[in-house]
Amino acid sequence: MNLYARRKLINTFNMTASVLTTLVGLAFLSWILIVLIAKGVGAINWTIFTEMTPPPGSAGGLANALIGSLMITLAAVVIGTPIGIMAGTYLAEYGKQSMFAETVRTINDILLSAPSIIIGVFVYTLMVAPMGHFSGWAGAVALAIIVIPVVLRTTENMLMLVPTQMREAAAALGAPQWMVIMSVVYKAAIAGMVTGVVLAIARITGETAPLLFTALNNQFWSTDMNGAMANLPVVIFQFAMSPYDDWRELAWAAALLITALVLGMNILARSLLRGHKQG
Amino acid sequence: MSSTRTGTLDDLKSVAPISRSKLSFALGDVVFKFTALFFALVVLMLLAGIIYMLVQGSLPAFQAFGLGFITSDEWDPVKEVYGAWPSLAGTLVAALIAMLIGLPLSFGIAIFITEMAPQWLKRPVGTAVELLAAIPSIIYGMWGLFFFAPFFAAYIQPGLVATLGPLPIFGTLFQMPTLGGSSGVSVLTAGIVLSIMIVPFMASVMRDVFEIVPGALKESAYAMGATTWEVVWNVVLPFTKTGVVGGIMLGLGRAIGETMAVTFIIGNASQLGSSLLEPGTTIAAKLANEFNEADGLQMDSLIAMGLILFVITFIVLMLSKLMLMRLAATQEGKKT
């Protein structure tokens with residue numbers, strides 16, 4: 001075989017492999033989604049939203065887990081978002097390339113990829129152990145620690161995209177820096193910042209590991225953030241690993257619900273960002 | 001915002017408008033800047049707090065067992081003797097399998113998106129791959145336990161055992177598990193599911209760094225008659241190698257710390273078998289399973305394993321960050 005044919009062969013082989021790897025990736029995505037829909041759609045009905053998680057061997061719903069997840073997620077976003085936005089503002093507007101800012105950036109990237117179970121252990125030693133009981137608040141704090149780096153990253157990136165001229169124009173009109181940031185820079189970057197928050201919510205909606213040691217679970221309806229609280233991910237974990245068919249069925253319903261929510265939020269975030277870039 | 005505006009208008013009517021507004025402006029600046037600075041400090045304190053709590057919590061375990069804790073393979077709550085080795089080794093082996101499979105997959109996908117796909121296909125394929133990253137880890141766990149593992153046990157495992165099993169030395173890794181292995185729950189299946197989970201992270205970093213290669217550089221190679229593969233291998237890859245390594249490290253960090261999916265699929269055995277088809281455990285899975293029921297020295301030992309896990313991911317992620325920063329630095333250098 002001459003050199004030319006050999007080179008062409010290698011090229012064809014590798015490029016075919018590249019197409020195949022992409023197909024493999026897409027095949028796994030489709031497989032997971034098809035399984036979820038096939039198992040989940042049949043299990044979803046109205047009682048899921050009205051009834052409590054049942055004891056083994058009987059039918060029931062997920063109402064207590066839904067309200068628990070909603071409250072914990074909301075609290076986590078309320079705690080984490082301001083911290084993330086202000087810290088991101090510091091990096092983009094004040095710290096810039098300083099040693100301190102670079103350190104915060106690096107630490108933030110590490111928090112962004114830190115194993116979420118470690119955050120669960122941290123909040124356990126910080127809150128659950130001293131207080132002596134599991135609580136919804138501990139769960140919210142654990143999730144907030146996951147929210148912060150996501151919001152910080154996107155806020156900083158979005159603020160950096162705002163042209164310096166806009167800041168200078170506002171400053172030239174006599175606006176102090178905080179006013180420039182609040183009413184000019186934030187206004188220009190708002191779509192991107194909202195995207196960051198949506199992505200953070202999407203990220204924590206399915207997080208299970210940090211909730212295992214913090215909010216734990218609760219078989220009953222509870223809106224008391226000071227006690228153990230039911231939440232969807234932990235219910236999925238418990239029910240899916242159980243030998244009871246009713247429980248497994250509910251786990252699939254919850255799994256479909258969570259995945260639909262998370263993927264929906266991801267797609268929403270994408271479209272928000274795209275609209276922002278064009279505008 | 002409107003309240004501040006009316007505030008300044010009111011100031012105009014007052015006796016000393018300029019000095020008053022100047023003062024409130026200056027005060028506002030100081031307050032805003034220090035609030036921002038404070039929250040930036042919170043991020044630093046978070047990491048410091050995590051390290052402090054983990055070290056403090058694991059001290060009793062290290063005092064009781066010394067550094068031998070890391071290499072001991074005993075885990076006996078009755079005798080109160082604990083060692084991290086089976087979980088640590090399981091973590092590393094599962095992550096290694098994930099890398100061996102995930103790396104070529106993500107490389108192929110990144111090449112497809114940047115070099116081969118027509119413009120209209122780039123975005124949908126890129127989005128689809130990124131959606132793989134958005135699927136919660138617990139969903140991978142359920143799918144893996146109820147669908148992938150049985151599928152693997154029925155169709156792939158017998159083939160692996162028959163072809164690779166008889167090989168010398170290497171073959172011990174592919175012996176049929178003693179309990180029959182019909183469930184497919186094993187270190188290998190956990191590694192495979194992990195590889196699918198880290199592909200989107202590695203593929204998107206690779207795609208991003210491949211896209212910064214200047215068009216002129218690639219076109220020069222094409223003009224010399226290079227094939228697409230030769231351009232990728234001899235131009236794109238050398239240009240972006242630090243970035244690619246950074247992306248690989250990022251994926252590795254994910255694979256090491258992944259919890260829920262592994263907890264479902266790896267089988268949570270307390271000892272590591274010689275065959276990859278045997279169940280095993282990882283640090284994260286061990287924590288997820290035992291943490292809530294543990295107390296005393298067992299709890300301390302679990303926290304100590306958490307510390308080991310955190311130290312490993314910390315090092316891997318720092319390396320990743322360094323590599324990506326080095327690529328960014330050479331980029332800057334080339335621009336100026």
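Provided above is the structure to which this section pertains.
Heads up: these notes are all about the structure in this document. Residue numbering note: each chain is counted from 1, following its sequence as written. Each chain gets a letter, beginning with A, and each ligand a number, beginning with 1, in the order they are written. Totals for whole chains, interfaces and linings use every residue, but because this is a predicted model, local features are given only for residues with pLDDT of at least 70 and side-chain atom pairs only at 80 or more, for both listing and counting. The basis for the side-chain values is all heavy atoms of the structure; hydrogens and waters are excluded.

Points about the overall build of chain A
- Along its length, chain A carries 11 helices and 0 strands.
- Only DSSP runs of H or I with at least four residues qualify as helices, and only runs of E with at least two residues qualify as strands; both kinds are numbered from the N terminus onward. Along chain A, helices and strands appear, N-terminal first, in the series α-α-α-α-α-α-α-α-α-α-α.
- Buried, partly exposed and exposed residues are distinguished by accessible area as a fraction of the type maximum, computed with a 1.4 Å probe on protein chains only: under 20%, between the cut-offs, and over 50%, respectively. Here chain A, with 279 residues, has 56% of them falling under the buried criterion.
- Note on areas: Shrake-Rupley with a 1.4 Å probe; residue coverage comes only from the protein chains shown. In the structure as shown, chain A presents an accessible area of about 11800 Å², 69% of it carried by carbon and sulfur atoms.
- One finds the centroid of the 14 positive side-chain charges in chain A at a distance of 18 Å from the centroid of its 11 negative side-chain charges. Only four residue types enter the tally: Lys and Arg on the positive side, Asp and Glu on the negative side; His and the chain ends are excluded. To locate a charge, the coordinates of NZ of Lys, CZ of Arg, CG of Asp or CD of Glu are taken.

Points about the environment of threonine 71 of chain B
Residues and elements named next belong to chain B.
- Within the secondary structure layout, threonine 71 lies in helix H3 (residues 68-71).
- Residue classification places threonine 71 among the exposed positions, given a relative accessible area of 57%.
- On a C-alpha basis, the gap between threonine 71 and alanine 84 in space is 6.5 Å, while along the polypeptide they are 13 residues apart.

Structural notes on the side chain of lysine 286 of chain B
Residue and element names in this part refer to chain B.
- Positionally, lysine 286 belongs in helix H11 (residues 283-290).
- Classification of lysine 286 as buried rests on a relative accessible area of 5%.
- Residues within four places of lysine 286 in sequence aside, it is in contact with Trp75, Ser87, Thr281, Phe291, Leu302 and Met305. Two residues qualify as a contact provided that any one of their heavy atoms is within 4.5 Å of a heavy atom in the partner residue.

Some points on helix H9 (residues 228-257) of chain B
Residues and elements named next belong to chain B.
- Expected helix span is given by 1.5 Å per residue-to-residue step, counting one fewer step than there are residues. Here H9 spans only 36 Å end to end across 30 residues, well under the 44 Å set by a 1.5 Å rise per residue.
- At any given residue, the bend is defined as the angle formed between two axes, one fitted to the seven residues that end at that position and one fitted to the seven that begin there. Taken as a whole, H9 carries its principal kink of about 70° at lysine 241.
- Of all 30 residues in H9, 22 are buried; the element is thus mostly enclosed.

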